[in-house]
Amino acid sequence: IGDTEADKAKVKQLFAAILGSDVDPNDVAFTPSTAYAMSLAASNLESRLLPGKGEVLILEDQMHSNVLPWQHITTRRGKGGRLVIVQRPRDADWTTALLSKIQASTAIVAVPPCHWACGGLIDLVQVGKACRAVGAALVVDGTQYVGASPLDVTSVQPDLIACSVHKWCLCPYGASI
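In this report, we go over the structure that sits alongside the text. Within every chain, residues take consecutive numbers counted from 1 along the sequence as written. Owing to the predicted nature of the model, reporting of local features is limited to residues with pLDDT of at least 70; listing and counting of side-chain atom pairs is limited to 80 or more, with chain, interface and lining totals taken over all residues. Side-chain measures were taken over the full set of non-hydrogen atoms in the model, leaving aside hydrogen atoms and water.

A word on empty space enclosed by the protein. In this analysis the probe radius is 1.4 Å and the grid spacing 1 Å, with only protein atoms considered; a cavity is a set of points the probe fits into but cannot get out of, a pocket is an open set with protein on both sides within 12 Å along at least five of seven lines, and lining residues have an atom within 4 Å of a point. Grid points are joined across faces, edges and corners, and a volume is the space filled by probe spheres set on the points. In the structure shown here, the tally under the stated rule is 1 cavity of 30 Å³ or more. Lining the largest cavity, in full, are Q62, M63, N66, P112, W116, D141 and Q144. Lys, Arg, Asp and Glu make up the charged group, whereas Ala, Val, Leu, Ile, Met, Phe, Trp, Tyr, Cys and Pro make up the nonpolar group; the residues left over, Gly among them, are polar. Partitioning the lining of the largest cavity into residue classes produces 3 nonpolar, 3 polar and 1 charged.

See the structure below:
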């Protein structure tokens, strides 16, 4: 990523195109890491943790960058949050396992498009619909997926997607969008 504004604008344009034809490059932001972006998301979404609607769903054995921020906000005193870890399904169907946990008490779902350890896919279009049906935020860590496989954020409609672009997008290490 170059240092000029023109270089940054070009990278934003290219990354937006990876996410779908309707993605506005102005909606793309640079962060130092996915962990940083997830921490920002958790901090901004913490107000959604209300009594009776304070569950944050994550997958078992997710990358720490998408675990620690959610642990942090759900363990603060008086916030009423609860971290719900979706266990690894025996049939490898992460989508069904995740959908079975999304309910009225779900405030945030923070998941990747595929599980980094086993490659199991998550149908984010279905997950996004389920989140919207209960008023939950959908936060996606696309690091292990974006650039290697198509992800149409227009169909998924996440509240935020973060991606360490040094993986499949072939950017310098330490770059995140």
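We are not done yet, so read on.
Once that is clear, we can look at helix α5 (residues 124–134). Relative accessibility thresholds used throughout: buried, under 20% of the residue-type maximum; exposed, over 50%; partly exposed, between the two (1.4 Å probe, protein chains only). Strands are runs of DSSP state E lasting at least two residues, helices are runs of H or I lasting at least four, and both sets are numbered from the N terminus onward. By the burial criterion, the buried members of α5 are L124, V127, G128, A130 and C131. Axial view of α5: buried residues confined to an arc of 165 degrees, hence all on one face. Along α5, exposed side chains directed more than 90 degrees from the buried face belong to K129 and A133. Two or three places before V125, at the opening of α5, D123 has a side-chain oxygen 3.1 Å from that residue's backbone nitrogen. Count one or two residues on from α5 and you reach G135, which has phi positive near 75 degrees. The directions considered for the arc run from the helix axis to the C-beta atoms. Pairs of N or O atoms are called polar contacts if they sit within 3.5 Å, as long as, within protein, a hydrogen donor faces a hydrogen acceptor (for residues adjacent in sequence, only side-chain-to-side-chain pairs).

This next bit is on unusual backbone geometry. Positive phi is not limited to glycine here, since A92 has a value of about 70 degrees. For Q157, which is not glycine, the phi dihedral falls at a positive 60 degrees. Judged by relative accessible area, Q157 falls into the partly exposed class, the value being 43%.

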